[in-house]
Amino acid sequence: MKTGKTRTEEFQELRPLLFSIAYRLLGSVVEAEDAVQEAWLRFAGSPTEIRSPKAFLSAAVTRISIDVLRSARVRREEYVGPWFPEPLLADPYADPVRSAELADSVSMAALLLLERLSPLERAVFVLREVFDFGFPEVASAVGRSESACRQLAVRARRHMAEGRPRFEADRREREELAARFFEALHEGDVAALQDLLAADVSLVGDSGGKAPQLARAVLGAQNVARLLAAVFPALARIEVTAERHEVNGQPGAILHDRHGKVLQTFSLDILDGRIQTIRLVLNPDKLGHMGPVADAWAISGELKQARRTVE
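Reading guide: rules and limits
- Residues numbered from 1 in each chain as written.
- Predicted model: local features only at pLDDT ≥ 70, side-chain atom pairs only at ≥ 80, totals over all residues.
- Heavy atoms only, no water.
- Salt bridge = Lys/Arg side-chain N within 4 Å of Asp/Glu carboxyl O.
- Helix = DSSP H or I, 4+ residues; strand = E, 2+ residues; numbered from the N terminus.
- Buried < 20%, exposed > 50% of the residue type's maximum accessible area, 1.4 Å probe, protein only.
- Core = buried A, V, L, I, M, F, W, Y, C linked by side-chain atoms within 4.5 Å.
- Contact = heavy atoms within 4.5 Å.
- Phe/Tyr/Trp six-rings, centres within 6.5 Å; stacked < 30°, edge-to-face > 60°.
- Lys NZ or Arg CZ within 6 Å of the ring centre and 35° of its normal.
- Expected span 1.5 Å × (residues − 1).
- Arc of directions from axis to C-beta.

S.K.: How do you make sense of the pattern of salt bridges when you look at a structure like this?
M.R.: What the rule picks out here adds up to 17 salt bridges. Aspartate 91 is the partner of arginine 24 in a salt bridge, and the nearest nitrogen-oxygen pair spans 2.6 Å. Here arginine 24 is found in helix 1 (residues 7–26), whereas its partner aspartate 91 is found in the loop between helix 3 (53–77) and helix 4 (99–106), with 67 residues between them in sequence. By relative accessible area, arginine 24 is classed as buried at 0%. A salt bridge links glutamate 38 to arginine 42, with the shortest nitrogen-to-oxygen separation between them at 3.4 Å. Taken together, the positions of glutamate 38 and arginine 42, both in helix 2 (residues 29–45) and four residues apart, correspond to about one turn of that helix. According to the relative accessible area criterion, arginine 42 is partly exposed, its value standing at 39%.

Dropping the structure here:
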């Protein structure tokens, strides 16, 4: 269909959608950007007339992402410690009609759930359930029949439903709770922190063995509150700051060192008026897309000294 637009213009209009598809398939900002760039090269280099740029580019970025995902699974099996997606600070694609699905599908909890699916199941689920592609479009994108895609969709929905994350429906209440949490964190107020945490809350970090890491997940409101109340005031003394920011569509923060370099991200899963899970991403390889990355090992040494000085 003739639109009067150049291929570059058509691609730029579709780029937010393409990135959002690739990120949900890969859980990586850098790999998603690479997949989008490769899709552009195929689009720009195609010698034939392309009737539907959306169909062509969506199929291209999906197939590229499936190939990357298959090889990434081997790397993730060898990953040191818990694996989390690369933090996403803002989803570039917006659709008011599907805003709830889009927000839910980009959360870390949902992306971790997607890790349970096969690459094809994941692609079909993302295209069909998140972006509302018709089955003919899905079939074309993944190179399978419509019947096969319907079966893949049924299996994917079943797997996702078994552990589907649920978040606080009222966004304002969620943000108010997060604000109280960060205030208590700044004050080092154990009692206030504990009051905001679910009894079985977990605090888990992803360092990939490349940054100082908790020996294991910290579980339980009292343990998590005590750890946070001890660590964050000490971080403030060495000029580490916490910038409130949504992380993967959930309340969170970015921690910066005294030079403004990124130290880690901090995200909260909130349900029933309590914080259920706190996820930290410390692996420097997953932070570079946000700016210069801090030396976490050096800061860890400063932190230990700051805590000893107080004690």
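Once you've had a look at it, read on.
S.K.: How do you make sense of the nonpolar core when you look at a structure like this?
M.R.: It is characteristic of soluble globular proteins that their nonpolar side chains tend to be buried jointly. Formed by 51 residues in total, the largest nonpolar core has its most connected members in Ile21, Tyr23, Val61, Phe131 and Val142. For this core, the elements supplying multiple residues, two or more each, are helix 1, helix 2, helix 3, helix 4, helix 5 (108–114), helix 6 (119–130), helix 7 (135–142) and helix 8 (146–162). Sort the elements by how many residues they give to this core and helix 1 lands first, with 10 residues. Other than its neighbours up to four places away in sequence, phenylalanine 131 contacts Leu17, Ser20, Ile21, Arg24, Tyr93, Arg98, Leu102 and Val126.

S.K.: When you look at the packing of aromatic side chains in this model, what are you seeing that I'm missing?
M.R.: Within a pair of aromatic rings, the relevant descriptors are the distance that separates the centres and the angle that separates the planes. Evaluated as defined, the whole model comprises nine aromatic pairs. Judged by centre distance (5.4 Å) and plane angle (85°), the rings of phenylalanine 232 and phenylalanine 266 are edge-to-face. Placement of phenylalanine 232 in helix 11 (residues 221–237) and of phenylalanine 266 in strand 5 (residues 262–271) is noted, with a sequence separation of 34 residues between them. In this pair, the class of phenylalanine 232 matches that of phenylalanine 266, namely buried. Ring pairs connect the aromatic residues Phe11, Trp40, Phe43 and Phe56, which therefore count as one cluster. A cation over a ring is seen here: arginine 7 above phenylalanine 43, with NZ or CZ 5.5 Å from the ring centre. Taking the ring centre of phenylalanine 84 as reference, the NZ or CZ of arginine 279 above it sits at 5.8 Å.

S.K.: Just checking my understanding: could you explain helix 9 (residues 171–187) for this structure?
M.R.: Side chains three or four residues apart in an α-helix point the same way, a direct result of the helix having 3.6 residues per turn. Between the first and last C-alpha of helix 9 there are 24 Å, a value that for 17 residues agrees with the 24 Å anticipated at 1.5 Å per step. Buried within helix 9 we find Arg174, Leu177, Ala178, Phe181, Phe182, Ala184 and Leu185. With its buried residues spanning 160° around the axis, helix 9 presents them on a single face. Residues Arg172, Glu183, His186 and Glu187 are exposed on helix 9 and point more than 90 degrees away from its buried face. Within two residues after helix 9, glycine 188 carries a phi angle of roughly 70°, on the positive side.

These results come straight from atomic positions and should not be treated as a statement about function.
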